[in-house]
Protein chains: 2
Amino acid sequence: MSAKKNSGESRPESAWLENPTTVLRVAPGFVLADVDPDSTPGFAGGKAEGKTELTAVAELLDEKQERLFAASKGGAPDAVLLVLQAMDTAGKGGIVRHVVGAVDPQGVALTAFKAPTAEELSHDFLWRIEQRVPDPGYIGVFDRSHYEDVLIGSVRKLADENEIERRFDAILDFESRLVQRDIRVVKVMLQISPEEQKRRLAERLERPDKHWKFNPGDIDERQMWPDYQAAYQRVFDRTSTEAAPWFVVPANHKWYARVAVQHLLLHALTTIDPQWPAADFDVEEQKARLEASSLG
Amino acid sequence: MSAKKNSGESRPESAWLENPTTVLRVAPGFVLADVDPDSTPGFAGGKAEGKTELTAVAELLDEKQERLFAASKGGAPDAVLLVLQAMDTAGKGGIVRHVVGAVDPQGVALTAFKAPTAEELSHDFLWRIEQRVPDPGYIGVFDRSHYEDVLIGSVRKLADENEIERRFDAILDFESRLVQRDIRVVKVMLQISPEEQKRRLAERLERPDKHWKFNPGDIDERQMWPDYQAAYQRVFDRTSTEAAPWFVVPANHKWYARVAVQHLLLHALTTIDPQWPAADFDVEEQKARLEASSLG
C-alpha cells in the first residue's frame, strides 16, 4: 500500500490537501471539545468543490466496491464495516443516502439499530450486532451500533459502571476479532454543534414534510448534550485502537461530512486493494461449450 | 388515482406513448413466445431518450419512496414488493443497481435468493420468503424468489407434479395475503433471447474482470431454455392475478428494461399515493421546548 494510494494523490484533481485518514483520526490525547464542527479539515474548497469531489470519488468507490464483491467470490475474506454514530440530526442518514447510496446496493448490508427489542434484550448486547457483521465482499453499514450500549447506557444510567466497563472490554474483543477476519472497521462520529442541531430540529418542526423525522424525545436527548459529549470522549479514549480507530468528522457542513466519510471508505477499500478473482473454470473449455450450445 | 397519474402524463416530457403497466402486463391469453425481446413496447425513442427518462423518473421515484417511508412512521401499512425473475444474464442486477439503486438505500430491503440452505430446505419453500416480506414503508426487492421453486423445481424435476401444483396454490394464497396487507406486488420477468444470452455469456468469458460472474452451470441452465420458457408460461397462466399481475419486459435492450421496471415501480407508488404523516405531537409545544433548551 503506497502513500500515493492512501492520500488519493493518484487523482491530481483531488481537493484534499491533507489525508482525512490522518487529520480526522482519534489519536492519543484527542480532545473532542477541541473539534470545531464548522471546520473542514484537510479540504481545499467549499460546497461546490465538495460536490465535484463527491461525484468524482463515487465512481472510484463504485469500482472498488465491485472488485471487493468479486474478490469474495474467489474466496477473499475481506469486508468493510462502517460504523456511524452521532447526536440526532448530525447527518447519518445523509451519509447513507449520498455516500453509501452511490455504490451498488447489492454489495451493501445496511442496519439501522433501534432501541433493542425484548428478544434482543434477553441476549448480551453484542448478540444482535454479531448477526449483522458483513459477510466477505460486503460493505456493512451500522447506523448506530454497539456503541449505543456504552453511550446511552451510561448517560441514561441503563447500566452500572461495572457493566459499562465490561461492555468496553467486550467491544474491544469483538472488534479485534473482526479485524482478524479481515473486516476493516471504520468508526465515524459526526460532530455537530448544539446550535446547528437547534437549527436542524427547528426546520423539522417548521416543515410538515419533515415532521415525521421529529421525535419529542430528541429534545430530551439534546438536554443531555454535555453528558453525551463526555460519554463520547470516553468511547474515544477506550476504543480508538490501532486496528479499529475512530474518526471524528466535523459535520455542521453536510457536504464536508459526506466527502470525508466517502474518503475514509475509499481508503479502507484501497488498503484492501481487491483484485478480480481468477476463473475457477477452464475459460477455453467453457467458450467451446457455449459455442456448442445450439440455442443462440 | 387518476388516469393522468397512472400514465405519467403529468410529466409532458415523458417518452412513454403507452402505459407500461398496460402493454407489458400478462393478461389472459398471453403467450410468452410472442414477446420480441428486441422490442421496446410503448416507448418513443432509443437509448438516449431512455437515459434521459431514467434520470428524470429517478427523482420522482426518490420523492415517492421517501413519502412511502414517512407514511409508515405515521402508521400507514403500505409497502411495495418487486419480484425479479429471468434467465441468467437478463439484467436483474442492472435493475437493482440502476433503478432501485437510485432511491435511498434506507428504504430498500433487497434479498438475493440463492439455492436454499439445509435449514431452509427443512422448512416449507415459503418459510425463507416470508421472512423477507418488506415491512411497511419499504420497497422490498426479490432477486429471484419463490418462483424458483416452481421453475427450476419443475424443469429440474426437483419436485413431482403434485408438489408443484401445491406450491402454485401456496403462492397464490401467499401473494393474496400480501395484497390484503397493502403490499403492492410487482412481478417482473425480464425476457432476453437465447442469442443475446450467448453474447452476454461470451462477454463474461472474454473479459477477466467478468469471469467472476460466470458459472459453468449457466450453460447447463441455458441448455434447458425451452423447458424454462414452458415453465415460465405456466407460471404466467397460473399466477398472473388481478391483484398481483406479472409483467414481461423485453430485455435485449438494457436501457429499455430499466425504464420499464422503473415505471412499474413508480406506478405502484403512485397507486399508493403516500402522504406525509401528521405530527403525533403538538408542534407549537415542541417549538417552545426547543427554544427553551439552553444549549443552542
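Description of the structure in this document. A quick note: this is a predicted structure, and the numbers were derived from the prediction, not measured.

1. A look at the overall build of chain A
No. 1: Along chain A, the regular secondary structure elements total 13 helices and five strands.
No. 2: The C-alpha radius of gyration computed for chain A amounts to 21 Å, which stays within 12% of the reference 19 Å derived for 296 residues, consistent with globular compactness.
No. 3: With respect to the three principal axes, the spread of C-alpha positions in chain A is 70 × 50 × 45 Å.
No. 4: As displayed, chain A has an accessible area near 12900 Å², and 50% of this comes from carbon and sulfur atoms.
No. 5: Across chain A, the mean location of the 37 positive side-chain charges is 4 Å away from that of the 48 negative side-chain charges.

2. Some points on the environment of B:Val235
Residue and element names in this part refer to chain B.
No. 1: With respect to the helices and strands, valine 235 occurs in helix 11 (residues 225–239).
No. 2: Taking relative accessible area as the criterion, valine 235 reaches 0% and is therefore assigned buried.
No. 3: Taking C-alpha positions, valine 235 is 8.2 Å from phenylalanine 168, a pair spaced 67 residues apart along the chain.
No. 4: Beyond its immediate stretch of four places on either side in the chain, valine 235 contacts Tyr147, Val150, Leu151, Phe168, Ser240 and Trp246.

3. Some words on the pattern of salt bridges
A side chain of one charge can pair with a side chain of the opposite charge when the charged atoms of the two come close.
Residues and elements named next belong to chain A.
No. 1: In this structure the tally under the stated criterion is 58 salt bridges over all chains.
No. 2: For the salt bridge of glutamate 242 with arginine 25, the shortest nitrogen-to-oxygen distance reads 3.6 Å. A residue pair is termed long-range when its members are at least 10 positions apart, and glutamate 242 in the loop between helix 11 (225–239) and strand 5 (246–250) and arginine 25 in the loop between helix 2 (20–23) and helix 3 (47–73) qualify at 217 residues.
No. 3: Accessibility expressed as a relative area gives 69% for glutamate 242, which makes it exposed.
No. 4: Arginine 25 gets classed as partly exposed once you look at its relative accessible area, which sits at 29%.

4. Focus: the packing of aromatic side chains
Residue and element names in this part refer to chain B.
No. 1: Counted according to the given criterion, the structure contains 24 aromatic pairs over all chains.
No. 2: A ring pair is formed by tryptophan 16 and phenylalanine 43, whose centres lie 5.1 Å apart and whose planes are at 80°; its orientation type is edge-to-face. Note that tryptophan 16 is positioned in the loop between helix 1 (3–7) and helix 2 (20–23) and phenylalanine 43 in the loop between helix 2 and helix 3 (47–73), a separation of 27 residues in sequence. Each of the two residues, tryptophan 16 as well as phenylalanine 43, counts as buried.
No. 3: Ring geometry for phenylalanine 113 and phenylalanine 142: centres 5.0 Å apart, planes at 90°, overall edge-to-face. Placement of the pair is phenylalanine 113 in the loop between strand 2 (108–112) and helix 5 (118–121) and phenylalanine 142 in strand 3 (residues 139–143), with a sequence separation of 29 residues.

5. Thoughts on the interface of chain B and chain A
No. 1: Of the residues lining the interface, 47 residues belong to chain B; the matching set on chain A comes to 47 residues.
No. 2: One salt bridge connects B:Asp62 with A:Arg97, and the closest N-O pair in it is separated by 2.5 Å.
No. 3: Connecting chain B to chain A are 14 residue pairs in polar contact (both at pLDDT 80 or more).
No. 4: Looking at the side of chain B that touches chain A, the elements with two or more residues in it are helix 3, helix 4 (92–98), helix 9 (194–206), helix 10 (216–222), helix 11 and helix 13 (283–292) of chain B.
No. 5: For the side of chain B that touches chain A, the per-class residue count stands at 23 nonpolar, eight polar and 16 charged.

6. Thoughts on the packing of helix 7 (residues 148–155) of chain A against helix 8 (residues 161–180) of chain A
Residue and element names in this part refer to chain A.
No. 1: Relative to each other, helix 7 and helix 8 sit at 170°, their axes nearing to 10 Å. The orientation of helix 7 relative to helix 8 falls into the category roughly antiparallel. Once helix 7 is placed against helix 8, the crossing between them reads as left-handed. Residues Asp149, Val150, Gly153 and Ser154 of helix 7 touch helix 8, and the partners they reach there are Ile164, Arg167, Phe168 and Ile171.
No. 2: Here the contact of helix 7 with helix 8 is composed, by residue class, of four nonpolar, two polar and two charged.

7. Here we look at the relation of the copies chain B and chain A
No. 1: Placing chain B over chain A gives an RMSD of 0.0 Å and needs a rotation angle of 180°, together with 0.0 Å of translation along the axis. Put plainly, the chains are arranged around a two-fold axis.
No. 2: With an isologous cut-off of 70% or more, the 100% of interface residues of chain B that recur at the interface of chain A puts this contact in the isologous class.

8. Section: the sheet that holds strand 5 (residues 246–250) of chain B
All names here are of chain B.
No. 1: The parallel open sheet is built from five strands, whose spatial order is 2-3-1-4-5. Looking at strand neighbours, the two that pair on one side only are strand 2 and strand 5, the edges of this open sheet. Geometrically, the sheet is characterised by an average inter-axis angle of 20° between neighbouring strands, direction not taken into account.
No. 2: In this sheet, strand 4 (residues 183–191) lies alongside strand 1 (residues 79–86) in parallel orientation, the contact comprising eight bridges. Its bridge partner being in strand 4, leucine 84 is matched across the sheet by valine 188.

9. What about the side chain of A:Arg200?
All names here are of chain A.
No. 1: As for its placement among the helices and strands, arginine 200 is situated in helix 9 (residues 194–206).
No. 2: Classification of arginine 200 by relative accessible area gives buried; the value is 7%.
No. 3: Polar side-chain contacts of arginine 200 include one of 2.7 Å to the backbone oxygen of threonine 89.
No. 4: From its side chain, arginine 200 meets the backbone oxygen of alanine 251 in a polar contact 3.0 Å long.

10. Considering helix 11 of chain A
No. 1: Between its first and last C-alpha, helix 11 of chain A extends 21 Å over 15 residues, near the 21 Å set by a 1.5 Å rise per residue.
No. 2: Listing the buried residues of helix 11 of chain A in full gives A:Trp225, A:Tyr228, A:Gln229, A:Ala231, A:Tyr232, A:Gln233, A:Val235, A:Phe236 and A:Thr239.

11. With respect to helix 12 (residues 254–272) of chain B
An α-helical turn contains 3.6 residues, so a residue and the one three or four places further along point in the same direction.
Residue and element names in this part refer to chain B.
No. 1: The first and last C-alpha atoms of helix 12 sit 27 Å apart over 19 residues, in line with the 27 Å expected at 1.5 Å per residue.
No. 2: In terms of residue burial, helix 12 counts as a mostly covered element, since 17 of its 19 residues are buried.
No. 3: One or two residues past the end of helix 12 sits aspartate 273, with phi positive at roughly 50°.

12. Quick look at the pairing of strand 1 of chain B
Remember that side chains alternate between the two faces of the sheet whenever the strand is regular.
Residues and elements named next belong to chain B.
No. 1: With eight of eight residues buried, strand 1 lies mostly within the body of the structure.
No. 2: Judged by which residues are buried, strand 1 turns out to be covered on both faces: Ala79, Leu81, Val83 and Gln85 on one side and Val80, Leu82, Leu84 and Ala86 on the other are all buried.
No. 3: In the sheet, strand 1 pairs with strand 3 via five bridges, with the strands oriented parallel. If you follow valine 80 over to strand 3, its bridge partner there is isoleucine 139.

Reading the values: the criteria
Residues numbered from 1 in each chain as written. Chains lettered and ligands numbered in written order. Predicted model: local features only at pLDDT ≥ 70, side-chain atom pairs only at ≥ 80, totals over all residues. Heavy atoms only, no water. Helix = DSSP H or I, 4+ residues; strand = E, 2+ residues; numbered from the N terminus. Rg over C-alpha atoms; globule rule 2.2 N^0.38 Å. Areas by Shrake-Rupley, 256 points an atom, 1.4 Å probe, with all protein chains shown as cover. Lys, Arg positive; Asp, Glu negative; His and termini not counted. Charge placed at Lys NZ, Arg CZ, Asp CG, Glu CD. Buried < 20%, exposed > 50% of the residue type's maximum accessible area, 1.4 Å probe, protein only. Contact = heavy atoms within 4.5 Å. Salt bridge = Lys/Arg side-chain N within 4 Å of Asp/Glu carboxyl O. Phe/Tyr/Trp six-rings, centres within 6.5 Å; stacked < 30°, edge-to-face > 60°. Polar contact = N/O pair within 3.5 Å; in protein donor to acceptor, adjacent residues only side chain to side chain. Nonpolar A, V, L, I, M, F, W, Y, C, P; charged D, E, K, R; others polar. Axes fitted to C-alpha atoms, helices over the stretch in contact; angles between N-to-C directions. Parallel < 35°, antiparallel > 145°, perpendicular 65-115°, else oblique. Left-handed = near helix turned anticlockwise from the far one by under 90°. Least-squares fit on C-alpha atoms with pLDDT ≥ 70 in both. Pairing = 2+ DSSP bridges. Expected span 1.5 Å × (residues − 1).

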